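What follows is each chain in one-letter form.
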Amino acid sequence: MLEIQGLSAFYGRAQALFDVSLRAEKGEIIAVIGANGAGKSTLFDSVLGLTKTTGAVRLEGQDLTGQGSSEIVRRGVGYAPERFNLFPYMTVRDNLLVGAYTARGDIETNLEMVHALFPRLAERAGQETSTQSGGERQMVSLGRALMGSPRLLLVDEPTIGLAPKVCDEIAVVLRRLRDEFGLTVVIAEQNANFALSLASRVYVLESGRITAEGTAESLAKDEALAAAYFGH
Ligand SMILES: Nc1ncnc2c1ncn2[C@@H]1O[C@H](COP(=O)(O)OP(=O)(O)OP(=O)(O)O)[C@@H](O)[C@H]1O
Ligand SMILES: [Mg+2]
């Protein structure tokens, strides 16, 4: 579904990603774990065509590099960016509809699907997102990304600042998206335990480079990694 090959990303003369390669199969959840500044958001921004890059990004074999962001979304990439980035003085419903701007599917059907996944968003359709809790805003952000009928969903730090119970709710929804809708999901996380509980494979990103990759099981056994990321 997604294949990234030899991707480097630049902010002016500063390089933020170095020769990053990764892949996600259809219907798979993978995770990219890394500390602050490792390049997780840059990686997602690069898939969306928002940074200056070299290398290749392919969606089902089709090259995305050089395409505009709206075209990339139209081709089936959904993005729930870091710290939600909602329109604070718009309602839940309007924030969701923003995500349907380039929707290929039927907007009402997508809205029903989002409401089924997150019943609270139906109850709070008229609430301004500025008055919502962090967990509710994360749900709006995921819902907004789903409104465009994506085949590939990129989720940047879905658990940041959230209580364990809300993290569990988010995890349930991400699994349902894979199992019931066949979505391919890439999550970027600092919360390695959350990432390992969801992902079949994990990539470790350090200072813009992939330094380890493997199944969740094999990485959890790596002692140096365990000490660095899991505290044991
Ligand atoms: N717009 C920008 N201009 C210049 N440098 C940037 C820009 N955005 C990010 N960077 C730099 O690129 C590097 C990677 O940042 P990035 O935001 O991708 O990391 P991250 O892994 O998402 O971190 P965090 O966990 O804090 O969100 C950092 O050194 C950062 O300072
Ligand atoms: Mg980030």
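Residues numbered from 1 in each chain as written. Chains lettered and ligands numbered in written order. Predicted model: local features only at pLDDT ≥ 70, side-chain atom pairs only at ≥ 80, totals over all residues. Heavy atoms only, no water.

Q: I'd like a description of the coordination of the magnesium ion (ligand 2), backed by residues and values.
A: The coordination sphere of the magnesium ion (ligand 2), as far as protein atoms go, consists of Ser-41 (OG) and Glu-82 (OE), spread over 2.0 to 2.4 Å. Residue Ser-41 is located in helix α1 (residues 40–47), and its partner Glu-82 is located in the loop between β6 (77–80) and α3 (92–98); the two are separated by 41 residues in the primary sequence. (Donors = N, O, S within 2.8 Å, 3.2 Å for Na, K, Ca; no water. Helix = DSSP H or I, 4+ residues; strand = E, 2+ residues; numbered from the N terminus.)

Q: Break down the layout of surface pockets for me, with residues and values.
A: Volume-wise, the largest pocket comes out at about 430 Å³. Forming the boundary of the largest pocket are 18 residues, of which Val-73, Tyr-79, Val-98, Gly-99 and Arg-144 lie nearest the centre. Among the elements of the structure, α2 (69–74), β6 and α6 (134–146) are those that each provide at least two residues to the lining of the largest pocket. Class assignment of the residues belonging to the lining of the largest pocket gives a composition of ten nonpolar, seven polar and one charged. (1 Å grid on protein atoms, 1.4 Å probe; cavity = no way out; pocket = protein on both sides within 12 Å on 5 of 7 lines; lining within 4 Å. Points joined across faces, edges and corners; volume = space filled by probe spheres on them. Nonpolar A, V, L, I, M, F, W, Y, C, P; charged D, E, K, R; others polar.)

Q: So what's going on with the packing of aromatic side chains? Which residues, and what values?
A: In this description, a pair of aromatic rings is defined by centroid distance and the angle of the planes. This model, assessed by the stated rule, comprises one aromatic pair. Between Phe-44 and Tyr-79 the ring centres are 6.0 Å apart and the planes differ by 85 degrees, which places this aromatic pair in the edge-to-face class. Placement of the pair is Phe-44 in helix α1 and Tyr-79 in strand β6, with a sequence separation of 35 residues. Phe-44 gets classed as buried once you look at its relative accessible area, which sits at 1%. The ring of Phe-18 has Arg-209 sitting right over it, with the charged end atom 4.0 Å from the ring centre. (Phe/Tyr/Trp six-rings, centres within 6.5 Å; stacked < 30°, edge-to-face > 60°. Buried < 20%, exposed > 50% of the residue type's maximum accessible area, 1.4 Å probe, protein only. Lys NZ or Arg CZ within 6 Å of the ring centre and 35° of its normal.)

Q: Help me get a handle on the pattern of salt bridges, residues and values and all.
A: Under the definition given, this model contains 13 salt bridges. One salt bridge connects Glu-71 with Arg-75, and the closest N-O pair in it is separated by 3.0 Å. The class for Glu-71 is partly exposed, based on a relative accessible area of 25%. If you follow the salt bridges from partner to partner, you end up with Glu-71, Arg-74 and Arg-75 in one network. (Salt bridge = Lys/Arg side-chain N within 4 Å of Asp/Glu carboxyl O.)

Q: Run through the nonpolar core, naming residues and quoting values.
A: Considering soluble globular proteins, one finds that nonpolar side chains tend to be buried as a cluster. Judged by nonpolar contacts, the single largest core of 46 residues is most densely connected at Leu-153 and Leu-174. Looking at which element gives the most residues to this core, the answer is helix α7 (residues 164–181), with seven residues. Residue contacts for Leu-174: discarding those within four places in its chain leaves Ile-29, Leu-142, Leu-153, Val-155, Val-185, Ile-187, Phe-194 and Leu-198. Listed in part, the 28 residues of the second largest apolar core include Val-47, Ile-72, Val-77 and Tyr-203. (Core = buried A, V, L, I, M, F, W, Y, C linked by side-chain atoms within 4.5 Å. Contact = heavy atoms within 4.5 Å.)

Q: Could you give an account of the packing of α6 against α7, with specific residues and numbers?
A: Contact geometry for α6 and α7: axes closest at 10 Å, N-to-C directions at 15 degrees. Taken together, the axes of α6 and α7 lie roughly parallel to each other. Here α6 and α7 pass one another in a crossing that is right-handed. Contacts between α6 and α7 pair Gly-135, Gln-138, Met-139, Leu-142 and Leu-146 from the former with Val-166, Glu-169, Ile-170, Leu-174 and Leu-177 from the latter. Among the residues forming the contact of α6 with α7, the class breakdown is seven nonpolar, two polar and one charged. (Axes fitted to C-alpha atoms, helices over the stretch in contact; angles between N-to-C directions. Parallel < 35°, antiparallel > 145°, perpendicular 65-115°, else oblique. Left-handed = near helix turned anticlockwise from the far one by under 90°.)

Q: Break down the site of ligand 1 for me, citing the residues and quoting the values.
A: With respect to spatial proximity, 14 residues lie near ligand 1, and among them Asn-36, Gly-37, Lys-40, Thr-42 and Glu-82 are the closest. One of the side-chain nitrogen or oxygen atoms of Ser-41 is found 2.9 Å away from an oxygen atom of ligand 1. Its free accessible area being 630 Å², ligand 1 has 58% of it covered by the protein chains. Classifying every residue of the shell around ligand 1 gives four nonpolar, six polar and four charged. (Near = heavy atom within 4 Å. Polar contact = N/O pair within 3.5 Å; in protein donor to acceptor, adjacent residues only side chain to side chain. Areas by Shrake-Rupley, 256 points an atom, 1.4 Å probe, with all protein chains shown as cover.)

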